[in-house]
Amino acid sequence: MTTQAAPRSAFDEPVDAPPARWIGSLVLLNLGLMAGWFGPIQVLLAQQADRVASAEAGGLSKELLLSVVLFVGAIISLLANPVWGAFSDRTRSRLGRRVPWVIGGVVIGAVGLLLLSVADNAVTMVLAWSLVQLALNAAWAGGTAAVPDQVPVGRRGLIGGMIAIAGTVGVLLGIKIAELTGSITQGYVVIAVVMLALSVPYLLGSRDIALPADHELAPMDWKSLLRSFWISPKEHPDFAWAWVTRFMVNLGNWIALNYLFYYLTDGLGFTDDEATAKLGILVLIYGGTTVVTTVAVGHWSDRIGRRKVFVIWSGVLIGTSMLVLGIWQAWPGALLAAVILGAGFGVYQAVDFALITQVLPAADGRAKDLGVINIASALPQVIAPAVAGLILVGVRAAGGSVATGGESWSVGYGVVYAVGFVMCVLGSVFVTRIKSVA
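This is a predicted model, so every value here is computed, not measured. (Residues numbered from 1 in each chain as written. Predicted model: local features only at pLDDT ≥ 70, side-chain atom pairs only at ≥ 80, totals over all residues. Heavy atoms only, no water.)

Participant: Residue-level account of the overall build of the protein, with values.
Facilitator: Looking only at helices and strands, the protein features 14 helices and zero strands. The order of helices and strands in the protein, counted from the N terminus, is α-α-α-α-α-α-α-α-α-α-α-α-α-α. Against the globule reference of 22 Å for 438 residues, the protein gives a C-alpha radius of gyration of 22 Å, in line with a compact fold. By principal-axis analysis of the C-alpha atoms, the protein measures approximately 80 × 50 × 40 Å. Here the analysis covers contacts within the protein between residues at least 6 apart in sequence; of these, 83% occur between residues at least 24 apart. Within the structure as shown, the protein displays about 18900 Å² of accessible surface, and the carbon and sulfur contribution to it stands at 68%. Here the protein contributes 27 positively and 25 negatively charged side chains, and the mean placements of these two sets differ by 8 Å. (Helix = DSSP H or I, 4+ residues; strand = E, 2+ residues; numbered from the N terminus. Rg over C-alpha atoms; globule rule 2.2 N^0.38 Å. Contact = heavy atoms within 4.5 Å. Areas by Shrake-Rupley, 256 points an atom, 1.4 Å probe, with all protein chains shown as cover. Lys, Arg positive; Asp, Glu negative; His and termini not counted. Charge placed at Lys NZ, Arg CZ, Asp CG, Glu CD.)

If you want it as structure tokens, here you go:
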């Protein structure tokens, strides 16, 4: 007589590796979500801001309008991810806890993109992009939590690396769609369709597990929800250090990258058109190096069962790329920095995510806790432009050179990239404080 194993609870640690088709479907989902985010961020919103600003006499400039749209969207992303994650953890559905949020997120996100395609004024742009951010963060929260829900610890480096590659390729896909369509309206429509299509395989085979029927959910109001976002560093020190390290590395990274276009023009002396082309080359080099390193090192980390050493050195590599930009202010230096940054960030994305899934406080709050961790990624995107801008303003006020046009070494950009280096190295140092992960 044979007996069947009891079905796994939603709160159990996964033991069996998910099938390849599930991994592929999760990769496609992330590919679509990244295209939905970064096609607009990198290309379409800037083009649309230019068109709207030109049509609204006496309104915001294109630069200010784009800044307002992106800032409001970033704030919404910052808050929405942990909120949707908390709701996902508590969702009762025959489909599971995560899938309803993925479905709702991609569908409403597509609607938001379609609204953007017809937005012809500043208010509509802000509202439509806010809807996209709200929706895609719901899908992102559900999809991210699927990894600790479904993947054993010993495979998270490899699968985390594949998801990181999907993110990089998704960014390039979104940008390329926006460029090839040659139309703001068509760009949004095509990205919405592609995002919906790429989510279908995951929605049909998510393997999501429903909450146990006898699991009692504590009553929730807004006060208790907000309180749940505070995870005591005293009770969960490894989670706190993981948050701090991710915040520091991302802050350093975004301080450096937000002004890269101006670095190429003001610091190295390229024209706007030349800088755009050069930036495209750097992105391709960075993306290619990221793809090569991410899966290989994620798999290596799984094989030897170690995470911290990879995260530590990836932070050092990311910081080193900034040091190269700051010291060697020339085009060959930028090319070398792109290679180093791609290698470092590829390793970081794969292994740091795996490390984080191993320090989550409780199985019944995985999505919410990952949302709290994601604040450490999103918050630097909000504050880094201000930090870098203040550095440049401060250097100029002190009499230091900033816009040298490639004629001499720019003190301002040297300081910006030095600060980015310090942040990343500090993040690497703080990784050593995590004790529960090798």
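Participant: Pulling in residues and values, what's your account of a nonpolar patch on the surface?
Facilitator: Residues Leu95, Ile103, Val107, Ile108, Val111, Leu115 and Leu196 make up a contiguous nonpolar surface patch of roughly 530 Å² in combined accessible area. Of all the elements, helix H3 (residues 99-117) adds the most residues to the nonpolar patch, at five residues. Its place among the elements puts Leu115 in helix H3. By relative accessible area, Leu115 is classed as partly exposed at 41%. (Patch = residues over 30% accessible without salt bridge, like charges linked within 9 Å, V, L, I, M, F, W, Y side chains within 5 Å. Salt bridge = Lys/Arg side-chain N within 4 Å of Asp/Glu carboxyl O. Buried < 20%, exposed > 50% of the residue type's maximum accessible area, 1.4 Å probe, protein only.)

Participant: Account for the side chain of Thr357, with residues named and values stated.
Facilitator: Examined against the element boundaries, Thr357 turns out to sit in helix H12 (residues 331-357). Polar contacts involving the side chain of Thr357 include one to the side chain of Arg156, which spans 3.0 Å. (Polar contact = N/O pair within 3.5 Å; in protein donor to acceptor, adjacent residues only side chain to side chain.)

Participant: Can you tell me about the confidence of the model for the protein, naming the residues and giving the values?
Facilitator: Of the residues in the protein, 98% reach a pLDDT of 70 or more, and the chain-wide mean stands at 87. The least confident element of the protein, judged by mean pLDDT, is helix H7 (residues 222-228) at 78; the most confident is H3 at 96. Long-range and interchain partners of residues 1-6, a stretch whose pLDDT sits below 50, account for zero contacts in this model, where long-range means more than four residues apart. (pLDDT = per-residue confidence, 0-100.)

Participant: Please set out helix H9 (residues 260-267) residue by residue, giving values where relevant.
Facilitator: Within the sequence span of H9, burial applies to Leu260, Tyr263, Leu264, Thr265 and Gly267. Each element contacted by the buried residues of H9 is listed here: helix H8 (237-257), helix H10 (272-304), helix H11 (308-327), H12 and helix H14 (411-431). After H9 finishes, the residue Gly269 shows a positive phi value of roughly 90 degrees.

Participant: Go over the pattern of salt bridges, please, and point to the residues and values.
Facilitator: Under the definition given, this model contains seven salt bridges. Across the salt bridge formed by Asp149 and Arg366, the nearest N and O atoms sit 2.9 Å from each other. Linking Asp149 in helix H4 (residues 122-150) with Arg366 in helix H13 (residues 366-397), this pair joins segments that are 217 residues apart in sequence. Comparing Asp149 with Arg366, the two get one shared label, buried. The salt bridge involving Arg307 is made with Asp302; its shortest N-O contact spans 2.8 Å. Neither residue differs from the other here; Arg307 and Asp302 are each classed as buried. One salt-bridge network, in which partners are shared between bridges, spans Asp89, Arg97, Arg98, Asp149 and Arg366.

Participant: I'd love a proper account of unusual backbone geometry, names of residues and values included.
Facilitator: The residue Arg207 is not glycine, and still its phi comes out positive at about 60 degrees. Looking at where Arg207 falls in the secondary structure, it is placed in the loop between helix H6 (184-204) and H7. You can call Arg207 partly exposed: its relative accessible area is 39%.

Participant: Run through H13, naming residues and quoting values.
Facilitator: Across its 32 residues, H13 extends 47 Å between first and last C-alpha, which sits within 8% of the 46 Å expected from 1.5 Å per residue. Along its length, H13 reaches its greatest deviation from straightness, about 40 degrees, at Ile383, and the proline Pro385 lies no more than four positions downstream. Once H13 finishes, Gly399 follows within two positions and takes phi at roughly 95 degrees, a positive value. (Expected span 1.5 Å × (residues − 1). Bend = angle between axes of the 7 residues up to and from the residue.)

Participant: Explain the packing of aromatic side chains to me, using residue names and the numbers behind them.
Facilitator: Under the counting rule described, the total for this entry stands at 12 aromatic pairs. On the numbers, 5.8 Å between centres and 70 degrees between planes, the contact of Tyr263 with Tyr413 is edge-to-face. One end of the pair, Tyr263, is in helix H9; the other, Tyr413, is in helix H14, and 150 residues separate them in sequence. For the pair Tyr263 and Tyr413, one class covers both residues: buried. When the centroid spacing of 6.0 Å and the interplanar angle of 85 degrees are considered together, the rings of Phe270 and Trp331 count as edge-to-face. Of this pair, Phe270 sits in the loop between H9 and H10 while Trp331 sits in helix H12; the two residues are 61 residues apart in sequence, bridging distant segments of the chain. Grouping residues by exposure puts Phe270 and Trp331 together as buried. Three or more aromatic residues link up through ring pairs in this structure, and these residues are Trp84, Phe87 and Trp101. The aromatic ring of Trp331 is capped on one face by Lys278, whose charged end is 4.5 Å from the ring centroid. (Phe/Tyr/Trp six-rings, centres within 6.5 Å; stacked < 30°, edge-to-face > 60°. Lys NZ or Arg CZ within 6 Å of the ring centre and 35° of its normal.)

Participant: How would you summarise the environment of Gln133 if you had to cite specific residues and measurements?
Facilitator: As for its position among the elements, Gln133 is in helix H4. Assessed through its relative accessible area of 5%, Gln133 is described here as buried. Sequence-wise, Gln133 and Gly105 are 28 residues apart; in three dimensions their C-alpha atoms are separated by 9.4 Å.

Participant: A description of the side chain of Arg98 should follow, citing residues and the corresponding values.
Facilitator: Along the chain, Arg98 turns up in the loop between helix H2 (62-89) and H3. A distance of 2.8 Å separates polar atoms of two side chains, one belonging to Arg98 and the other to Asp89. In contact with Arg98, other than residues within four places in its own chain, are Ser88, Asp89, Gly142, Ala145, Asp149, Asp208, Arg366 and Ala367.

Participant: Lay out the packing of H3 against H6 with the relevant residues and their values.
Facilitator: One can describe the packing of H3 onto H6 by two numbers: an axis separation of 8 Å at closest approach and a directional angle of 170 degrees. Between H3 and H6, the crossing angle belongs to the class labelled roughly antiparallel. Across the interface between the two elements, Val99, Val102, Ile103, Val106, Val107, Gly109, Ala110, Leu113, Leu114, Leu116 and Ser117 from H3 touch Thr185, Tyr188, Val189, Ile191, Ala192, Met195, Leu196, Ser199, Tyr202 and Leu203 from H6. A per-class count over the contact of H3 with H6 returns 17 nonpolar, four polar and no charged. (Axes fitted to C-alpha atoms, helices over the stretch in contact; angles between N-to-C directions. Parallel < 35°, antiparallel > 145°, perpendicular 65-115°, else oblique. Nonpolar A, V, L, I, M, F, W, Y, C, P; charged D, E, K, R; others polar.)

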